[in-house]
Number of protein chains: 2
Amino acid sequence: MESFFKVKTPKEVLGIMDGFGPLGEEEISLGDSLGRILSKDVLSPEDLPGFARSSMDGYAVKAEDTFGATESLPALLAVSGEVLMGERPRINVGQGQAVRISTGGMLPKGADGVVMVEYCHLIDEDTLEVNRAISPLENVIQPGDDVQKGDRVLKQGHQMRPQDVGVMAGLGKTKAFFYRKPRVAIISTGDEIVGVDKQPLPGQVRDMNRYTLSSFCLQEGAEPIYVGLCPDDFEPMKAMVERALEKADSVWISGGSSVGTRDLTLQVLETLPQFELLVHGISISPGKPTIIGQSGLRSVIGLPGHVGSALVVAKVFLSRLIHRLSGCSEVSERFPDPEARLSRNVESASGREDYVRVRVVEDRGRLVAEPIFGKSGLISTLVEADAFIRIDRNAEGLYQGETVKLIFF
Amino acid sequence: MESFFKVKTPKEVLGIMDGFGPLGEEEISLGDSLGRILSKDVLSPEDLPGFARSSMDGYAVKAEDTFGATESLPALLAVSGEVLMGERPRINVGQGQAVRISTGGMLPKGADGVVMVEYCHLIDEDTLEVNRAISPLENVIQPGDDVQKGDRVLKQGHQMRPQDVGVMAGLGKTKAFFYRKPRVAIISTGDEIVGVDKQPLPGQVRDMNRYTLSSFCLQEGAEPIYVGLCPDDFEPMKAMVERALEKADSVWISGGSSVGTRDLTLQVLETLPQFELLVHGISISPGKPTIIGQSGLRSVIGLPGHVGSALVVAKVFLSRLIHRLSGCSEVSERFPDPEARLSRNVESASGREDYVRVRVVEDRGRLVAEPIFGKSGLISTLVEADAFIRIDRNAEGLYQGETVKLIFF
């Protein structure tokens, strides 16, 4: 059986996720671009600033007129006017003259520097004492000093932060091209699952995965599409998955608490056009019975039914999938996870990577990870937890006091 | 002049921000609740699970029938049926009997434990070998084991994560009460500022603050309302601020590059109903010329005109304001900032807190903060930067190799 050979290590699964490329691009208004990923480099269409401007409040002067000026021997200059904000100054700064200027004001002709107001003293309306020398171009930003026409201001694959949106505004780029957000279709399966608005009968539970996975997609920058709740039957499941594939870039089917259903999901996936099974089981706990395949260019994921297991798989592998589909070249992978000290010993079976829920507390400025134990399958511990810690597949556990990396979720 | 005494330290300003309380609450559908802050505790309306369920795939048995069972001396049981998912099993487990059950299946009458399938071996269709003893209630989650009716599942002030949304779904809570998102009105001022879609003339620059601050609000969970671009004139500014106060919980006016304009903003604010000036200047750099006041219960903020300065003030103080208005009792303040090693010496004037832009790189698993220098007022360095570092007001700088906290922005 081919699928027997498809049990993969976490590292292999991440490698498989990296094989999925970004989706198409779309043009978006600047106001909607926060958090989006650039699909093209942003080049500056102009010099910034476009004119020589003062970086301080003070007086525009000829620098040479201040040479040698000190507090005990100030230079005396004639105040000949003021630069108004937002205007090209009509005034000219001649020898021995000074013109009042504010931060951001355009440097008037004849001036080649600005003396900060702190070093100036008005003797009368027309006479200025300058008690410090400046060098030419001091406190002046010249055209293109900040950004030159043609400079790459932001890189393809960069995720937009407020300051990036601001800089695009400064360059007059009211629109730009971004990768399309991945659309993720979400299907919950299981004869025991009922809708959230239903009162479950004995043996039934409400559909937690729909909401957990949809929220997870939103958090990671994907657009969730809820397709439906499906019984453990081949034909309805096949019809629902086919419908999902029509509208989504990735289809996530969670469920299969029973052994029979797990097989059912795979049987359905194998009927999809150009289907290739990539992963059938991952050597992690929880989350082992995960199926990853592709139908053409679309990824199709079979997730464990239990919300705690599904969320580990989502956090560890599917966030990577979403980032790749989003064209993101940075985020999360860029910086190491924060670290904490483990509060007690944790056992683990070797041969698989274990994800253990922890509460994170602060103790004298350092983080401490307190493992949360409880019967398998509890959801209350999922809410109590702040993060996961990972136990290596070759380790038989972790000792109290060891440093662990925190995976916030 | 009263305002002279209103220059505050950063700590004092944060204390003032903490004085602003949460806004009203509103009922929201579960699907829209990600990232929102609960305005009430969530109590469980029922036991979870609602019935005794198996936490493993295996066989439901009477535990005593397995007592003493080992691999060399297995217990032999008669398979008398299967529990179907989503149904109350009609079958009864008698002495010497075993019933097939899947994870999540309802425990049938008569059984008091589940033997994992790994420890079972079917000799024929009807006969099961069990080669490990279980204790009563092993692999069974009893009603209320996870959550008991009336338990507090989530706390007022908690920010919803995907798993929290999922647990609410599990409890059938399709709606809940959350604090209203703060509405922030954004006004840009300055005779030199033109709209983003305009080609600036010499002396003019485009309105970067509108987009930077709006995106910042979105990022922090507030709802930005762009009010307009205003010249440095008393009457139009007053009219615009009054209009802003009608629709927002907080009004942010950025601008005032010139000395005159800074005074203008304060003059306008002082005409507002029940206006109280709380802060006139903060001992930080950049960001010193910040004004914070309140008109009735609404906060009114005068921000520096330069986008880099405005963003420092926003990140350090206004995110705290938004969190308080949002009713958030956790987030960001809960865990210490990540740390890095400083790549080189940085000087600083004592008597004020300095915020220096840094690039963050990884070097052998440790973070390194590389200060970014450049003329005051550059925006390109804002885009290059990953984070700020803070230099204490009593320090005259930081040394290469020192550990610094990273404030990502």
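Chemist: In this structure, what is going on with the side chain of threonine 265 of chain A? I would like to understand it.
Modeler: Positionally, threonine 265 of chain A belongs in helix H5 (residues 259-269). Overall, threonine 265 of chain A belongs to the buried group, its relative accessible area being 6%.

Chemist: Looking at this structure, I do not really get the relation of the copies chain A and chain B. What am I missing?
Modeler: Each copy of the chain is related to the other by a rotation around an axis and a translation along that axis. It takes a turn of 180° to lay chain A on chain B, together with a shift of 0.0 Å along the axis; the resulting RMSD is 0.1 Å. Within this description, the copies of the chain are treated as partners about a two-fold rotation axis. Across chain A, the rotation axis passes nearest the C-alpha of proline 338 of chain A, at a separation of 3.4 Å. Interface overlap between copies is the fraction of interface residues in one copy that are interface residues in the other; for chain A against chain B it reaches 99%, indicating a shared surface.

Chemist: Would you take a moment to explain the interface of chain A and chain B for this structure?
Modeler: Many descriptions give the size of an interface as the accessible area lost when the pieces come together. Facing the 81 residues of chain A at the interface are 80 residues of chain B. Applying the counting rule to chain A against chain B returns two salt bridges. Our enumeration of links across chain A and chain B arrives at 16 residue pairs in polar contact (both at pLDDT 80 or more). Of all the secondary structure elements, the ones that give two or more residues to the side of chain A that touches chain B are strand S10 (140-141), strand S11 (152-154), helix H2 (162-170), strand S15 (205-206), helix H3 (208-220), H5, strand S24 (353-363) and helix H7 (380-384) of chain A. With eight residues, H2 of chain A is the single largest residue contributor to the side of chain A that touches chain B.

Chemist: Would you mind showing me how to read the packing of aromatic side chains here?
Modeler: Aromatic rings in a pair are described by how distant their centres are and how their planes are angled relative to each other. Per the counting criterion, the structure on display carries six aromatic pairs over all chains. Each ring, one from tyrosine 355 of chain A and one from phenylalanine 388 of chain A, has its centre 6.3 Å from the other, and the planes form 80°; the classification is edge-to-face. Highlighted residues: tyrosine 355 of chain A in strand S24 and phenylalanine 388 of chain A in strand S26 (residues 387-391), separated in sequence by 33 residues. Taken individually, tyrosine 355 of chain A and phenylalanine 388 of chain A each receive the classification buried, so the pair is uniform in this respect. Ring-pair connections join several aromatic residues into one group, and the members of that group are Tyr355, Phe388 and Phe409 of chain A. Just above the ring of tyrosine 226 of chain B sits the side chain of arginine 210 of chain B; from NZ or CZ to the centre is 3.6 Å.

Chemist: What am I meant to see in the pairing of strand S6 (residues 97-101) of chain B here?
Modeler: A regular strand places its side chains on the two faces of the sheet in alternate fashion. Judged from the four bridges that link them, strand S4 (residues 58-61) of chain B and S6 of chain B form a sheet pairing that is antiparallel. If you follow valine 61 of chain B over to S6 of chain B, its bridge partner there is alanine 98 of chain B.

The rules behind the values
- Residues numbered from 1 in each chain as written.
- Chains lettered and ligands numbered in written order.
- Predicted model: local features only at pLDDT ≥ 70, side-chain atom pairs only at ≥ 80, totals over all residues.
- Heavy atoms only, no water.
- Helix = DSSP H or I, 4+ residues; strand = E, 2+ residues; numbered from the N terminus.
- Buried < 20%, exposed > 50% of the residue type's maximum accessible area, 1.4 Å probe, protein only.
- Least-squares fit on C-alpha atoms with pLDDT ≥ 70 in both.
- Contact = heavy atoms within 4.5 Å.
- Salt bridge = Lys/Arg side-chain N within 4 Å of Asp/Glu carboxyl O.
- Polar contact = N/O pair within 3.5 Å; in protein donor to acceptor, adjacent residues only side chain to side chain.
- Phe/Tyr/Trp six-rings, centres within 6.5 Å; stacked < 30°, edge-to-face > 60°.
- Lys NZ or Arg CZ within 6 Å of the ring centre and 35° of its normal.
- Pairing = 2+ DSSP bridges.

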